[in-house]
Structures are given as C-alpha cells and as structure tokens.
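Here is what each chain is made of, one letter per residue.
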Amino acid sequence: MPTPIITKDLCKGCELCVHACPEGVLEMSKEINAKGYFFPVVAHPEKCTGCRFCLLVCPDTAVQVEAKGKTTVRTEGLTPKPFHYCPGCTHGVIHRLVGECIEELGIRERTVGVAPVGCSVLAYDYFNCDMSQASHGRAMAVATGIKRGRPNLVVFSYQGDGDLASIGMAETVHAANRGEKITVIFVNNAIYGMTGGQMAPTTLPGQVASTCPLGRDVNHAGWPIRVVELLQSLRTPAYLSRVAVHDPKNILAAKRAIRKAFKYQIDGVCFSLIEVVSTCPTGWGQQPHEACEWLEQNMIPYYPLGDVKLPEAAA
Amino acid sequence: MAKKLMKGCEAIGEAAIHAGCRLFFGYPITPQNEIPEYMSARLPQVGGVFLQAESEVAASNMLYGAAGAGCRVFTSSSSPGISLMAEAISYIAGAELPVVIVNIMRGGPGLGGILPSQSDYFQATKGGGHGDYRVLVLAPSTVQEAADLTQDAFDLADHYRNPVMVVGDGLIGQMMEPVEFKRSISPEELPAKPWATTGCSDRKPNIINSLFLNPEELEAHNWHLHRKYQDMAREIRWESWKLEEPVDVLIVAYGTVARICKTAIDTLRARGVKVGLFRPISLFPYPSEQLSQAVEKAGKVLVTELSTGQMLEDVQAIVAGRKPVSFYGRVGGMVMSPEEIEREVDKLVAS
Ligand SMILES: Cc1ncc(C[n+]2csc(CCOP(=O)(O)OP(=O)(O)O)c2C)c(N)n1
Ligand code: SF4
Ligand code: SF4
Ligand SMILES: [Mg+2]
C-alpha cells in the first residue's frame, strides 16, 4: 500500500501537501517540529492512492512516497542542505525540479549553475554541482563566460524577475540573441521577494507591492513585461516556454519543459529559457495555498502557459 | 624570437596569446579598439574565442564566469568602460578570480575626450568599485614593456587570484615600436586550478562566490584579502634613471609621461642641471620605500602627471614633508612637451 513519509524536521508547515491531496490522507499535527512548525501527519493511510501530489507540491522536500516497495529520496541533483525559503515558497519546488533533471540526465558532474541576486542567492548551496554566484542581473553574462570558456560543460542560470527582466534585461536579450547554449530558469513571482516585496517588471496591473502601495498603475510604471514573448521576437533559434508550479499537474509539465531545455543544450541546439510562474506568499501577503489560487486566477491569464518558441520552428 | 614592429595595442593582444590566454570579451571604445580588433582576428587562428559583448558590464561579467571556470581571460577598455566594469571587478576581487584588464586611459570626467590621460590613477590604485579591495596595477612606458607586463599580468593574476590591471594611454596604444615576445606558453601547459568550476566529476562541487552573510566570516575574508594585498609588495617594480648621484630635482612620473621626462632630463643634464627620474612601474603596490630613499638624495621633488594631481597625493604622503614637492599636470588630452618639463625644473632650481 502506498504511503506518504514525512521528514517532519524539514517541514515548514505550509500545508500545501494537505491542500494538494485529493483523498484527504494528510492532516496537520497538533504538536510542532524542531523548527517550530506544525507538520502533516498521515491521518488516513488507507485512502492513499500513491498519486504523489503531496511530494510534488512540497517546497521543502519533506514528503516522500513509498509505493511498490520503493521510496523516493531527495534527488542527487540537490545537496542535503535544507532550503532557507519562506514556508510555501515555490523556489523550493523549482529547485527540486532542476535538481531532478540534472540527476536524470546524468549531467551533474559536468554542470555549472549560476545563482542570481534575489531570494535564490544561496542557490549555490543547494544544487549539487559546481556553482558560481553572480552580481545582480548578470547571471547570463557569467554563464556566457563559463560556456564560451568550457563548451563541454552544461551551464544554467537560475534568476528571479527583478534580476532577469529589470536590472539584467540587456544581458538577457543579448544572451538569447547570441544563441548562447545555456539553460535559463526564470522564476517569475511578480515581485522583488528578497528586498521586501517591491514592484517587479512583472508585477501585475493593480497588484499591490511595497513601492506601488495603491497597485501597479500601468500609466505610470508601464505594463508587466512578458519575457518569453519578448524574446520570441528575436530571429535566433531558441527554446522558450512558460510553465507554472502552483499545482501537481503544472509541476509535472514544468519538469518536462526544464528537462527539454537542458536537452537542447546538451545536444548543442540552442539557447533555452523556461519562465516559471511562481508564488511569493510572503511578498504577496497570502497563505501559501491562497497564493497558488491567486497565481492561477491572476497570473495565468496575463502569462499564458505553453511553449512559445521551438528551435525547429525558427529554421 | 625576432623583433617585430608593432602598435602598442597589438603588442598587448599578442602578449596575451603568448601568455596562453584564449578568451577575450570586450566592448568597443576609443582609444583601444585595436586590441579587440586584433583579438577578433587572432584568437580564432589559435583556437580561441573572441566575443563582442553588449556592454562593458556584460564583458566584465563574462570575464568573471570564464575566470571562475579556470580559463585565462582578458579584456581591454578605456576610462568610461572601466567605470562600468567597476562592479564586476569588485566581485572578481571578492571571489578571488584571476583576470587581466587593460585600461587605455582617456580624459574625463564623463565622456571626456579620447586623447591620452592618466586621470584614472585613483580609480585603478584605490579600488575603483565598492568594498575593501585592490587590484595590482602595472604602468608600461614602452611598447616592449607593455608586452612584457601584459604577459606578467596573467602570471600575477593566477598567483594572487586577483585582477591585474595594465594602465596605458592613447600614446602607448598607438605608438609603433619594435617588440619581442620573450616567452610563450600554451593553455595546456598552465598550472591546474583545482578551485575552478570545471565540473565536479572527481571531487566535491566548487563554488565561486563573494557573499558572506556571517559578519565574522566576512571580516575574516577581508583580512585575508588585505594580507594578500600586502604580500603583493613582492611585486613592486620601478625604474631609477640618472639617480646614481644626488640630484637637485627628482622628477616622479609614470607611463608615457616618464618618456617625455627622460627627453627633458637629457637636455637639462647637457646644460649641467642635476636632475633624475623615479618611475613607478607598479602603481599598486607602490614603490614607496624605493621612492623614499631616492627622495633622501634629492633637493626638491617634482611630480608630473596627465591629471590634476592624483599620484601626487601618494608621493606627498611618502615624502612626508621632508622635501618640497611641486606639481606639473596637463589634462583633457593635452600632453606636456619636454620643454614644459625643462621650464618647471629650471624654475625649481632657480627658486
Ligand atoms: C546592484 C544591486 N542593486 C540592487 C540590489 C538589491 N536587490 C537584491 S535582490 C533584488 C530583487 C530581487 O528580486 P527578484 O530578482 O525578483 O528575485 P526574488 O527575490 O523575487 O526571487 C534587489 C533589488 C543588489 N543586490 N544589487
Ligand atoms: S508541503 Fe512540505 S513543507 Fe508544506 S506542510 Fe507539507 S510537508 Fe510541510
Ligand atoms: S520572500 Fe517570497 S520569494 Fe522570497 S523566499 Fe519568501 S516567499 Fe519565497
Ligand atoms: Mg521576484
């Protein structure tokens, strides 16, 4: 019988797994863990179908599932270090997806990642491969330097929306236009998480942020930038796709896109960039599961999901 | 190897190749365009990569990435471009990466002009970007020396894991002189860099980083860097010219200005004026002790630069009131003639 296994001390009590479980297997505990959070307990093990939804949505790799005698383990693509992200922050989910792709593609020993400045500045502690930290916005220039110097390496950057689409926009457009054979993981959470919730180039019209307390006024600040559509207009072949990580189905699709993006690089085909529509429960002032709903209702209509450009199409 | 007539900029580019450098990232700016142009033609011939970046900001961060991946890499620019690189140079110093940066200085501030200048002395020798860091700064005064120092710069950068800057001006960049490349090394012969991001197939992952959130760790890192900068004292380079006997006037000048001073000194000496030259070649670390000793045997000191008085401040601190220090500067791309130097020396001797 399949069973969720909770590593309770990794848990930050975000309750995303409880909300994701279609069968009501999990409930939150009455006691707290070492970090001071309530954690899920397997209240109705008999109802578990082994769908792994709890595992997929957990941002802190605190849930594993035992099914058919096999237990999932934290991917080798990640170090054992627990993430520092806020409870329910989808940075953790995206880290896991990238780590899993690195492991499954067998490229860990020849991969170099570039961490941005933003909430994921410490990403170099989490990816279990060689890593380089970069200054704010310059990750793609750093990745270019690595890849041009050592073309046999698999090079990826992991960047937030402020990092990639504001201060680093020139580096973004030109890396894409040169067709650098790198893979970019672009975390669009519509806000500057790290510095305390200021307006990002991707903040939605009317969305409140600490530097637009009355909501983004498009007459004053312009419209949010749709990065993949912007890059799509470049003539250079690329793989550009937009995915989301607010529910299990989309998380699985996100992983497929990230994997494909790495594959294009491994095969020497093109530049690839995956825009991951994400949540920032802290910056948005919402509970993690509310943030996932807000994402679905507000972000997806403005940031439509799916492949935006395939290298084959540009030939 | 036979001597070859080359422009300063081309000699710098060729020297980098002889130093085993196969990567150049840069952005066009006058008066140093001959360096990227030369590299764009030469590097592909030796299996290297030349990439024109979208800006100096990007170019310097490409340097950071490539240096972090263990490659010898260099860039060249001129004053406004170096200002844009200041952020990356700070990160490169913080992450302790070896890179070589050439600054063919032009007049400023702002867009300034394109003619020769030494007005980036403070920027080069005192850090330039944010944080407590230094780069090793070398100032050639001939094309041969530009080639030699560029080659040395790569070794010094690797040894100290620190940026090394070669500063010149439009005169040295454009001037044609015979040059000889005294040694040559291929990238394969260079020592391994076990700390670099080359892929973690036989070891734990390497991390290139300048972030230390723990203040105690950051303090320790800063003192570690400080000790490294002090160790660089071993690399001090200078030239004493006609200073065997005591002099009435000691001229202190570097780079192309020192050449002009030598011409003036020849004329002055022919007239019986006792004058000599102290030429710092490493501007950081500065040859303070050596200058201090030369000052002991001099009546007066004359500092002359293509600035309104930047190196002057260092010389004043070294002289420390022992002898009168006067200054003669030209700026904005205007360059002093030997006659102007003679006139300044004559004034000092007469006063
Ligand atoms: C040159 C520079 N400017 C500003 C900052 C401050 N800063 C740090 S992170 C950040 C925004 C990060 O937002 P984003 O890229 O969206 O990442 P998130 O935290 O949302 O994941 C800013 C402005 C900096 N570190 N460096
Ligand atoms: S999703 Fe993970 S972190 Fe959130 S409550 Fe469940 S186990 Fe804990
Ligand atoms: S501030 Fe937002 S993006 Fe940053 S860790 Fe917290 S939830 Fe995640
Ligand atoms: Mg953000």
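Residue numbering note: each chain is counted from 1, following its sequence as written. Chains carry letters and ligands carry numbers; both start at the beginning, A for chains and 1 for ligands, and go up in the order they are written. Restriction of local features to residues with pLDDT of at least 70 applies here, the model being predicted, together with a cutoff of 80 or more for giving and counting side-chain atom pairs; totals for whole chains, interfaces and linings are based on all residues. Calculation of side-chain values draws on the structure's entire complement of heavy atoms; hydrogens and water are dropped beforehand.

Here we look at the overall build of chain A
Piece 1. Think of it this way: any DSSP run of H or I at least four residues long counts as a helix, any run of E at least two long counts as a strand, and we number them from the N terminus. Scanning chain A for helices and strands turns up 11 helices and 12 strands.
Piece 2. Computed over C-alpha atoms, the radius of gyration of chain A comes to 19 Å, within 12% of the 20 Å expected from 2.2 N^0.38 for 315 residues, which places it in the range of a compact globule.
Piece 3. Its C-alpha atoms give chain A principal-axis dimensions of about 55 × 50 × 35 Å.
Piece 4. Whether a residue is buried, partly exposed or exposed follows from its accessible area with a 1.4 Å probe, protein chains only, as a fraction of its type maximum: under 20%, in between, or over 50%, in that order. Each of the 315 residues in chain A was classed as buried or not, and the buried ones make up 58%. Atoms counted for the radius of gyration: C-alpha only. Globule rule: 2.2 Å times residue count to the power 0.38.

A few points about helix H4 (residues 79-94) of chain B
Along an α-helix, residues three or four positions apart point the same way, because every turn accommodates 3.6 residues.
All names here are of chain B.
Piece 1. The first and last C-alpha atoms of H4 sit 22 Å apart over 16 residues, in line with the 22 Å expected at 1.5 Å per residue.
Piece 2. Counting buried positions along H4 gives 12 out of 16 residues, so the element sits mostly inside the fold.
Piece 3. For H4, the full list of buried residues reads Ser79, Gly81, Ile82, Met85, Ala86, Ala88, Ile89, Ser90, Tyr91, Ile92, Ala93 and Gly94.
Piece 4. Of the residues flanking the end of H4, it is Glu96, one or two places downstream, whose phi is positive at about 60°. To estimate the expected span of a helix, subtract one from its residue number and multiply by 1.5 Å.

Concerning the domain arrangement of chain A
Residue and element names in this part refer to chain A.
Piece 1. Assigned domains of chain A: these are domain 1 (3-71) and domain 2 (91-313).
Piece 2. For the domains described, the bounds stem from an automatic or database domain assignment. Taking the mean C-alpha position of each, domain 1 and domain 2 sit 27 Å from one another.
Piece 3. Across the domain 1/domain 2 interface, buried area totals approximately 890 Å², and carbon plus sulfur atoms make up 76% of it.
Piece 4. By salt bridge we mean one thing: a side-chain nitrogen of Lys or Arg within 4 Å of a carboxyl oxygen of Asp or Glu. Here domain 1 and domain 2 share 0 salt bridges between them.
Piece 5. Throughout this description, a polar contact denotes any pair of N or O atoms lying within 3.5 Å of each other; where both atoms belong to protein, one of them has to be capable of donating a hydrogen while the other can accept it, and for residues adjacent in sequence the pair is counted only when both atoms sit in side chains. Between the two partners, domain 1 and domain 2, sit 2 residue pairs in polar contact (both at pLDDT 80 or more).
Piece 6. Of all the secondary structure elements, the ones that give two or more residues to the side of domain 1 that touches domain 2 are helix H1 (16-20) and helix H2 (53-57).
Piece 7. No other element matches the 4 residues that H2 contributes to the side of domain 1 that touches domain 2.
Piece 8. For the side of domain 1 that touches domain 2, the residue count by class is 8 nonpolar, 2 polar and no charged. When two parts are put together, the accessible area they lose, computed with a 1.4 Å probe and summed over both, is reported as buried area. Residue polarity is assigned by list, with Asp, Glu, Lys and Arg as charged and Ala, Val, Leu, Ile, Met, Phe, Trp, Tyr, Cys and Pro as nonpolar; anything else, Gly included, falls into the polar class.

A word on the coordination of the magnesium ion (ligand 4)
Geometrically, a metal with four donors at the corners of a regular tetrahedron has ideal angles of 109.5 degrees, and one with six donors at the corners of a regular octahedron has ideal angles of 90 or 180 degrees.
Residues and elements named next belong to chain A.
Piece 1. Counted as donors are the N, O and S atoms within 2.8 Å of the metal, or 3.2 Å for Na, K and Ca, while water is not among the atoms, so some sites may look incomplete. Within the protein, the atoms that donate to the magnesium ion (ligand 4) are Asp161 (OD), Asn189 (OD1) and Ile191 (O), at distances of 2.1 Å.
Piece 2. Coordination of the magnesium ion (ligand 4) draws on donor residues from a single chain, spaced D-x27-N-x1-I in sequence. Taken together, the positions of Asp161 in helix H5 (residues 161-167) and Asn189 in the loop between strand S9 (183-188) and helix H7 (218-221) put the pair 28 residues apart, joining distant regions of the chain.

Description of the sheet that holds strand S14 (residues 298-305) of chain B
One key point about sheets: their strands pair by backbone hydrogen bonds, in either a parallel or an antiparallel sense.
Residues and elements named next belong to chain B.
Piece 1. Ordered in space as S10-S12-S11-S14-S15, the 5 strands form an open sheet in which the pairing is mixed. Both outer strands of the open sheet, strand S10 (238-241) and strand S15 (325-329), are each paired with one neighbouring strand and no more. Pairwise comparison of adjacent strand axes, ignoring direction, gives a mean angle of 20° for this sheet. Paired strands, as defined in this entry, are two strands with at least two bridges between them according to DSSP. Axis definition: a line fit to C-alpha positions, over the contact stretch in the case of helices; interaxial angles, taken between N-to-C directions, run 0 to 180 degrees.

Concerning the domain arrangement of chain B
All names here are of chain B.
Piece 1. Here chain B is described as being made up of domain 1 (4-234) and domain 2 (239-350).
Piece 2. Computed from C-alpha atoms alone, the centre-to-centre distance between domain 1 and domain 2 is 28 Å.
Piece 3. For the domain 1 and domain 2 pair, buried surface summed over both sides reaches about 2,300 Å², with 57% attributable to carbon and sulfur atoms.
Piece 4. The interface formed by domain 1 and domain 2 holds 3 salt bridges in total.

A short note on the site of ligand 2
Piece 1. Every residue near ligand 2 is listed here: A:Cys11, A:Lys12, A:Gly13, A:Cys14, A:Glu15, A:Cys17, A:Pro40, A:Cys58, A:Pro59, A:Ala62 and A:Val63.
Piece 2. Looking at the shell around ligand 2 residue by residue, the class counts come to 8 nonpolar, 1 polar and 2 charged. Think of it this way: one heavy atom of a residue within 4 Å of a molecule or strand is enough to make that residue near it.

Some details on the packing of helix H4 (residues 139-149) of chain A against helix H6 (residues 169-178) of chain A
Residue and element names in this part refer to chain A.
Piece 1. In contact at an axis separation of 9 Å, H4 and H6 are set at 35° when each is read in the N-to-C sense. Counting all contacts with H4, which are made through Met140, Ala141, Thr144 and Arg148, the residues of H6 involved are Glu171, Thr172, Ala175 and Arg178.
Piece 2. Considering only residue class, the contact of H4 with H6 consists of 3 nonpolar, 2 polar and 3 charged. Contacts are assigned to residue pairs with any non-hydrogen atoms lying within 4.5 Å of each other.

A word on the environment of B:Asp132
Residues and elements named next belong to chain B.
Piece 1. Its location among the elements puts Asp132 in the loop between helix H5 (121-125) and strand S6 (136-138).
Piece 2. Taking the relative accessible area as the measure of exposure, Asp132 reaches 58% and is therefore exposed.
Piece 3. Excluding residues within four positions of it along the chain, Asp132 makes contact with Asn222 and Tyr229.

Focus on helix H3 (residues 56-68) of chain B
Residues and elements named next belong to chain B.
Piece 1. With 13 residues, H3 should reach 18 Å at 1.5 Å per residue; the first-to-last C-alpha distance of 18 Å fits that figure.
Piece 2. Where burial is concerned, most of H3 is hidden: 13 out of the 13 residues are buried.
Piece 3. Capping the start of H3, Ser55 holds a side-chain oxygen 3.2 Å from the backbone nitrogen of Val57, two or three residues further along.
Piece 4. Residue Gly70 follows H3 closely and has a positive phi angle near 85°.

Some points on the site of ligand 3
Piece 1. For ligand 3, the full set of nearby residues is A:Tyr85, A:Cys86, A:Cys89, A:His91, A:Cys119, A:Asn189, A:Gly193, A:Cys280, A:Pro281 and A:Thr282.
Piece 2. Of the residues that constitute the shell around ligand 3, the class distribution is 6 nonpolar, 4 polar and no charged.

Some remarks on the interface of chain B and chain A
Interface size is often expressed as the accessible area that is lost when the parts come together.
Piece 1. Counting from both sides, the interface comprises 34 residues of chain B and, opposite them, 32 residues of chain A.
Piece 2. Both faces considered, chain B and chain A share a buried interface measuring about 2,500 Å² in area, 60% of it formed by carbon and sulfur atoms.
Piece 3. The interface formed by chain B and chain A holds 3 salt bridges in total.
Piece 4. On inspection of chain B and its partner chain A, the count reaches 13 residue pairs in polar contact (both at pLDDT 80 or more).
Piece 5. Contributing elements (two or more residues each) for the side of chain B that touches chain A: strand S2 (23-26), strand S3 (49-52), H3, H4 and strand S9 (207-208) of chain B.
Piece 6. No other element matches H3(B), which puts 7 residues into the side of chain B that touches chain A.
Piece 7. Across the side of chain B that touches chain A, the residue classes tally to 19 nonpolar, 11 polar and 4 charged.
Piece 8. Across 2 bridges, the pairing between strand S7 (residues 130-133) of chain A and S9(B) is parallel. The partner of A:Met131 across the bridge, within S9(B), is B:Ile207.

Structural notes on the sheet that holds strand S5 (residues 70-71) of chain A
Residues and elements named next belong to chain A.
Piece 1. If you trace the 3 strands from one edge of the open sheet to the other, you get S1-S4-S5, paired in antiparallel fashion. The sheet terminates laterally at strand S1 (3-6) and S5, the two strands that pair on one side only.
Piece 2. Relative to strand S4 (residues 63-67), S1 is paired through 4 bridges, and the arrangement is antiparallel. Bridge pairing links Ile5 to Gln64 in S4.

A few points about the side chain of A:Gln207
Residue and element names in this part refer to chain A.
Piece 1. One can find Gln207 in the loop between S9 and H7.
Piece 2. At 2.8 Å, the side chain of Gln207 forms a polar contact with the backbone nitrogen of Leu204.
Piece 3. Setting aside anything within four residues of it in sequence, one finds Gln207 in contact with Ala190, Ile191, Cys212, Gly215, Arg216, Trp284 and Trp294.

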